[in-house]
Amino acid sequence: METGVNYTVQRYPAMAMKKTVDPSMNEGPGDWMTVGRLAKVAGVGVETIRYYQGRGLLPVPKAAGSFRRYHVSMVQRIGFIKRAQSLGFSLDEVGSLLDLEDGRNRRAIQTVTRRRLEQIDEKVGDLERMRGALRDMLARCEEAGQASPCPSLSEILCVRHSMSTRSM
């Protein structure tokens, strides 16, 4: 039985979307939270939030009193970043996607997505070639039997040896 990586879109539980009540903020009760609460609700560490801020993926809010208050919409933004990463997008690509968040620049979104699909197709091709080579090596090794050395290992060692002597 072959096993592989299962790529799924993660959904955050309803609990993650609950708002904390802070009547001192102007936007409305429950729209704001501290960085610690944001980290907990979003399922990441405070360091991750700070790192995303440093990369320009999350805004740095102005301090309200002695604390910075984060709008609850940041939970969804962090969720977007994590989902995009799980699909293989780099943080630079995630930044581009976030810049295009309103969906109006379809060409740019398509370009970023198409580029990522091409990278994935290339990796899949490489993995399929590797799988084929390993299956072939295993079959030849099994055919050789226990009495003689595995020919595939001998071939690998000869190929590596000839490559290293050529580069000298």
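Residues numbered from 1 in each chain as written. Predicted model: local features only at pLDDT ≥ 70, side-chain atom pairs only at ≥ 80, totals over all residues. Heavy atoms only, no water.

### A word on the packing of helix H1 (residues 35-42) against helix H2 (residues 46-54)
Stage number 1. Interhelical geometry of H1 versus H2 gives an angle of 100 degrees and a closest axis separation of 8 Å. Looking at the two axes, H1 sits roughly perpendicular to H2. Of the residues in H2, those in contact with Val35, Gly36, Leu38 and Ala39 of H1 are Val46, Ile49 and Arg50. (Axes fitted to C-alpha atoms, helices over the stretch in contact; angles between N-to-C directions. Helix = DSSP H or I, 4+ residues; strand = E, 2+ residues; numbered from the N terminus. Parallel < 35°, antiparallel > 145°, perpendicular 65-115°, else oblique. Contact = heavy atoms within 4.5 Å.)

### Quick look at a nonpolar patch on the surface
Stage number 1. A surface patch of nonpolar side chains, amounting to about 220 Å² of accessible area, comprises Leu117, Ile120 and Val124.
Stage number 2. Along the chain, leucine 117 falls in helix H5 (residues 106-144).
Stage number 3. Residue classification places leucine 117 among the partly exposed residues on the basis of a relative accessible area of 48%. (Patch = residues over 30% accessible without salt bridge, like charges linked within 9 Å, V, L, I, M, F, W, Y side chains within 5 Å. Areas by Shrake-Rupley, 256 points an atom, 1.4 Å probe, with all protein chains shown as cover. Salt bridge = Lys/Arg side-chain N within 4 Å of Asp/Glu carboxyl O. Buried < 20%, exposed > 50% of the residue type's maximum accessible area, 1.4 Å probe, protein only.)

### With respect to H1
Stage number 1. Along H1, the residues that are buried comprise Val35, Leu38, Ala39, Val41 and Ala42.
Stage number 2. Contacts from the buried residues of H1 go to strand E1 (32-33), H2, strand E3 (67-68), strand E4 (70-71) and helix H3 (73-86).
Stage number 3. Two residues or fewer past H1, glycine 43 is found with a positive phi of approximately 75 degrees.

### Points about the confidence of the model for the chain
Stage number 1. Per-residue pLDDT for the chain has a mean of 75; in total, 70% of the residues score no lower than 70.
Stage number 2. The least confident element of the chain is helix H6 (residues 151-166), whose mean pLDDT is 56; the most confident is H2, at 94.
Stage number 3. In this model, residues 1-28 is a region of pLDDT below 50 whose contacts with residues beyond four sequence positions or in other chains number 33 contacts. (pLDDT = per-residue confidence, 0-100.)

### Focus on the packing of helix H4 (residues 91-99) against H5
Stage number 1. Two elements in contact, H4 and H5, have axes separated by 11 Å at closest approach and are oriented at 155 degrees. By the angle between their directions, the pair H4 and H5 is classed as roughly antiparallel. Along this stretch, H4 crosses H5, giving a crossing that reads as left-handed. Counted together, Glu93, Ser96 and Leu97 of H4 and Val112, Arg116 and Gln119 of H5 form the full contact between these two elements.
Stage number 2. Per-class residue counts for the contact of H4 with H5 are two nonpolar, two polar and two charged. (Left-handed = near helix turned anticlockwise from the far one by under 90°. Nonpolar A, V, L, I, M, F, W, Y, C, P; charged D, E, K, R; others polar.)

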